[in-house]
Amino acid sequence: MMEKPPLPSDEEGTRMGESRSEAELLDLGVQGTSGGVASSGDADDRPAWDSKLQYVLAQVGFSVGLGNVWRFPYLCHQNGGGAFMVLYVMLLVVVGVPLFFMELAAGQCIRQGSIGVWKHISPKLAGIGYSSCMVCFFVALYYNVIIAWSLFYMGNSFQYPLPWEQCPINMTTNNTVKECLGSSPTSYFWFRKALDITDSIDESGEFNPIMTGCLLAAWAIVCLAMIKGIKSSAKVMYFSSVFPYAVLFIFLVRGLMLDGAKEGIAYMFYPKIEIWAEVQVWRQAATQVFFALGLGYGSVIAYSSYNPIHNNCHRDALMVSCINFMTSVLASLVVFVVLGFRAKNIVLNCITQNLGLLNDMATHGSNHHWWPWFNMSDPASVTIPDYREWYHHYGSQVGTNITDCDLDEEMSKGVEGTGLAFIAFTEAMAQFPASPFWSTLFFLMLLNLGMSTMFGTMQGILTPLMDNFSLLGRHRTMLTVCSCALGFVIGLLFTQRSGNYFVTMFDDYSATLPLIIVVVFETFAVAWVYGADRFLDDIEIILKWRPPVLYKYLWKYVCLFAMVGLLAASLLRMVFKRPTYTAWNHTTASETTLEYPGWALAMLAMLILAATLPVPVGYFHSWLKNRGMGPEGELAGQEIDRERYTKCNSSDALDSNSQHTPSVEDDGRPRASFLPLGLDHYRLLPQQEDVEEEEEDTM
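Residues numbered from 1 in each chain as written. Predicted model: local features only at pLDDT ≥ 70, side-chain atom pairs only at ≥ 80, totals over all residues. Heavy atoms only, no water.

S.K.: I keep staring at the packing of aromatic side chains and nothing clicks. Help me out?
M.R.: Per the stated rule, a full pass over the model turns up 45 aromatic pairs. Here the aromatic rings of Phe 101 and Tyr 551 are separated by 5.1 Å at their centres, their planes lie at 55°, and the arrangement is tilted. With Phe 101 in helix α5 (residues 82-110) and Tyr 551 in helix α25 (residues 550-576), the pair connects residues that are 450 residues apart, well separated along the chain. Here the two residues Phe 101 and Tyr 551 agree in accessibility, since each one is buried. With centroids separated by 5.7 Å and ring planes inclined at 85°, the aromatic side chains of Tyr 619 and Phe 620 adopt a geometry described as edge-to-face. Over the ring of Trp 528 we find Lys 556; its NZ or CZ atom is 4.3 Å from the centre of that ring. (Phe/Tyr/Trp six-rings, centres within 6.5 Å; stacked < 30°, edge-to-face > 60°. Helix = DSSP H or I, 4+ residues; strand = E, 2+ residues; numbered from the N terminus. Buried < 20%, exposed > 50% of the residue type's maximum accessible area, 1.4 Å probe, protein only. Lys NZ or Arg CZ within 6 Å of the ring centre and 35° of its normal.)

Structure, rendered in structure tokens:
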């Protein structure tokens, strides 16, 4: 390993100093830098990934989360199936991959967290990094609640029959509980047993003690896994990132054997090209691309900052993006085969009930010309097409008691998020043979998907703070423990009986707009403030080949305009459509859509402002600071900023004790680098000797 002495703070007023040449830095293949801005002579070793596989698993684990399992299949289901997939891939290639590549390259070049990266590019844009940290914190608060729910369901899966298979009996009246009878066993268990939910967000209710305990366990797991930084969390990634794929493949194989799987897959891939004319579909596809890759959180930058300087981040961007998309497709296949099985069972039960009513009519001597031609006494022999053909001809003559049983209608009832995982999927698994095994496997998969994303989210908070505040950098363990403890205390908001409504609020509004704003500023900073050509020059140094010039135009125009368009569409949607949430009415045993009350709208606005405010605050702070220096001081500061970014060429071997001066390419074009010089120099250690010493220690 090698050490990186500290950056001076802005208050010290000194930014340049003696440094070693970047040629020495690059030729030796940097493996890491210190994690914080410490005082001179007090630098810490910056951690590094043990292997490329460890890094890839971490990036995949962060980007592949619960949204791939319950959000993407729903969007595909609601927006034209195969047509939505084509649209998604197009936006992924044109917008998603370039932005993902940009964040990977920035983190790897500068070797800092999100705050340090944007401060290096321009001190006026330091607020971007703080906004990323705020969003990560908001997301971590409610994301760990979902992990707590998964822990609760996994704990309840170790019993037979599963507690959500049947409606409970009211011990007082000895009858089935009315709320369950009016809905379904899975809905009743979710809303009443798990959440014990209130009828609206205005009714807070007391704390749910079981969920509070599950939330404490979830934060304890995150704390233990993160307590030693990437050295501890990366080892957990070997299991948490790989295990979900094993479970998805097992579920796919099992699902393909179910009756109804073929119908589910057909519904999934059937294209409806006409949906491309709807603006809403484009907005949803772009938003899904945006969140699927984890753009703007700062976690991608943080993970990439621990890479060797010559790592091929372009290949990583393509590989992780492809894995992410293929995971979404795999998860969609699993979801649709299971939902196809569930829908077909519902339709077959519908046919059985209707045939029972017809048999009752027959026993009372009824004899009409519309009697079915199939055997009503043997429902198993009646096919869905036969029944629907009969109903199509005579349904209007048989009365309202006899209903249509439409498979397409059942399949069109899309469910997403918690409704998919904790209601629809649990209902389907309850019908599997050995249902406790499949239920345990499923919720263990959700737990691992959530944890791997949670590790990345927390890294997006901790890494920038340790990189930019020396005190925090020297007390990594204390910072991790205190962050998790704070997250648990604030997270108690979500363990109230009305907590699910706050989870929905945070999920819908605390991250969407702030993250889009963050990525707009990120793209503008790289493409226009720093310069797309200069950025490609830097990438050429670390990759040893120049990426296609197409990226320049994608960053400067396509990605930037696409993100601004997405921001405008999201703002317009909020303005013209009052924010609503879905509540559970225990009297009618059904879900209802309610508008947020005034105080909730104020809280929602505060969440958005708290996450976006650091960007303008950081800009004005830097502007006021430069203004206080006077015209000459401001000009000198700008010159120093330019001097900090100088040519990065491994052929220029400068003396380590000499002042570094900018150089020019053979074609006369100056090339700037993200890698800052001055006091931000690297103290190189012979890494080969380190490896040999480690080998000797292990022998």
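S.K.: Please clarify how the state of the cysteines should be interpreted in this entry.
M.R.: Two cysteines whose sulfur atoms are joined by a covalent bond form what is called a disulfide. Per the counting criterion, the structure on display carries one disulfide. Two residues share a disulfide in this structure: Cys 167 and Cys 180, whose sulfurs sit 1.9 Å from each other. Note on the Cys 167 and Cys 180 pair: the S-S dihedral is about -80°, so by sign convention the disulfide is left-handed. Residue Cys 167 is found in the loop between α7 (126-156) and β1 (169-170), and its partner Cys 180 is found in helix α8 (residues 178-181); the two are separated by 13 residues along the sequence. We classify Cys 180 as buried; its relative accessible area is 1%. (Disulfide = S-S within 2.5 Å.)

S.K.: So what exactly am I meant to see when it comes to the pairing of strand β4 (residues 590-595) here?
M.R.: Walk down a regular strand and you will see the side chains alternate between the two sheet faces. Pairing of strand β3 (residues 580-585) with β4 involves six bridges; the strand directions are antiparallel. Within the sheet, the bridge partner assigned to Tyr 581 lies in β4 and is Leu 594. The antiparallel pairing of β3 with β4 creates a hairpin that spans four residues between the two strands, and Ala 589 there sits at a positive phi of about 55°. (Pairing = 2+ DSSP bridges.)

S.K.: Can you walk me through helix α12 (residues 243-256) in this structure?
M.R.: Along an α-helix, residues three or four apart share an orientation, since each turn contains 3.6 residues. The terminal C-alpha atoms of α12, which comprises 14 residues, lie 20 Å apart, in line with the 20 Å expected from a rise of 1.5 Å per residue. Within the sequence span of α12, burial applies to Phe 243, Pro 244, Tyr 245, Val 247, Leu 248, Phe 251, Leu 252, Arg 254 and Gly 255. (Expected span 1.5 Å × (residues − 1).)

S.K.: What am I meant to see in the packing of α7 against helix α24 (residues 512-543) here?
M.R.: How two helices sit against one another is set out by the angle between their axes and by the gap between those axes. At a minimum axis separation of 10 Å, α7 and α24 run at an interaxial angle of 155°. Classed by the angle they form, the pair α7 and α24 counts as roughly antiparallel. In terms of crossing hand, the pair formed by α7 and α24 is left-handed. Along its contact with α7, which presents Ile 128, Ser 131, Ser 132 and Val 135, the element α24 presents Pro 514, Leu 515, Val 518, Phe 521 and Glu 522. Partitioned by chemical class, the residues of the contact of α7 with α24 number six nonpolar, two polar and one charged. (Axes fitted to C-alpha atoms, helices over the stretch in contact; angles between N-to-C directions. Parallel < 35°, antiparallel > 145°, perpendicular 65-115°, else oblique. Left-handed = near helix turned anticlockwise from the far one by under 90°. Contact = heavy atoms within 4.5 Å. Nonpolar A, V, L, I, M, F, W, Y, C, P; charged D, E, K, R; others polar.)

S.K.: Even after reading the chapter, I still don't get the UniProt feature "binding site: Na(+)" (unreviewed entry) in the chain, so can you show me in this structure?
M.R.: Within the UniProt annotation, "binding site: Na(+)" (unreviewed entry) is assigned to Gly 61, Val 64, Asn 68, Asn 324 and Leu 449. In terms of the greatest pairwise C-alpha distance, the residues named above, spread along 389 residues, form a tight cluster of at most 12.5 Å across. Residue position: Gly 61 is located in helix α2 (residues 52-63). Taking the relative accessible area as the measure of exposure, Gly 61 reaches 3% and is therefore buried. Among residues more than four places away in sequence, those in contact with Gly 61 are Ser 241, Ser 452 and Thr 453. (UniProt positions renumbered as here; feature names shortened; annotations may be inferred.)

S.K.: Is there a simple way to explain helix α13 (residues 261-269) in this structure?
M.R.: Looking only at α13, the buried set comprises Ala 261, Gly 264, Tyr 267 and Met 268. Looking straight down α13, one finds that the buried residues subtend no more than 130° of arc, so they occupy a single side. (Arc of directions from axis to C-beta.)

S.K.: What is the right way to look at unusual backbone geometry in this model?
M.R.: In most cases, non-glycine residues show a negative phi, while peptide bonds are predominantly trans. Pro 161 follows Tyr 160 through a cis peptide bond whose omega is -5°. Mapped onto the elements, Pro 161 comes out in the loop between α7 and β1. For Asp 196, which is not glycine, the phi torsion reads 45° and is therefore positive. Residue class for Asp 196 comes out partly exposed when judged on its relative accessible area of 26%. A positive phi angle, near 70°, is found at Lys 544, a position not held by glycine. By secondary structure assignment, the location of Lys 544 is in the loop between α24 and α25.

S.K.: Please explain the pattern of salt bridges as it appears in this structure.
M.R.: Working definition: two side chains of opposite charge can pair if their charged atoms are close together. Inspection of the entire model under this criterion finds eleven salt bridges. Its salt-bridge partner being Asp 259, residue Lys 344 comes within 2.9 Å of it at the nearest N-O pair. Of this pair, Lys 344 sits in helix α16 (residues 313-363) while Asp 259 sits in the loop between α12 and α13, placing them 85 residues apart in sequence. Here Asp 259 falls in the partly exposed class, since its relative accessible area comes to 45%. (Salt bridge = Lys/Arg side-chain N within 4 Å of Asp/Glu carboxyl O.)

S.K.: So what exactly am I meant to see when it comes to the side chain of Ser 63 here?
M.R.: Summarising the element assignment, Ser 63 is placed in helix α2. Taking relative accessible area as the criterion, Ser 63 reaches 5% and is therefore assigned buried. In this view, Ser 63 contacts Asn 68, Ala 292, Leu 293, Val 320 and Asn 324; residues no more than four positions away in its chain are not counted.

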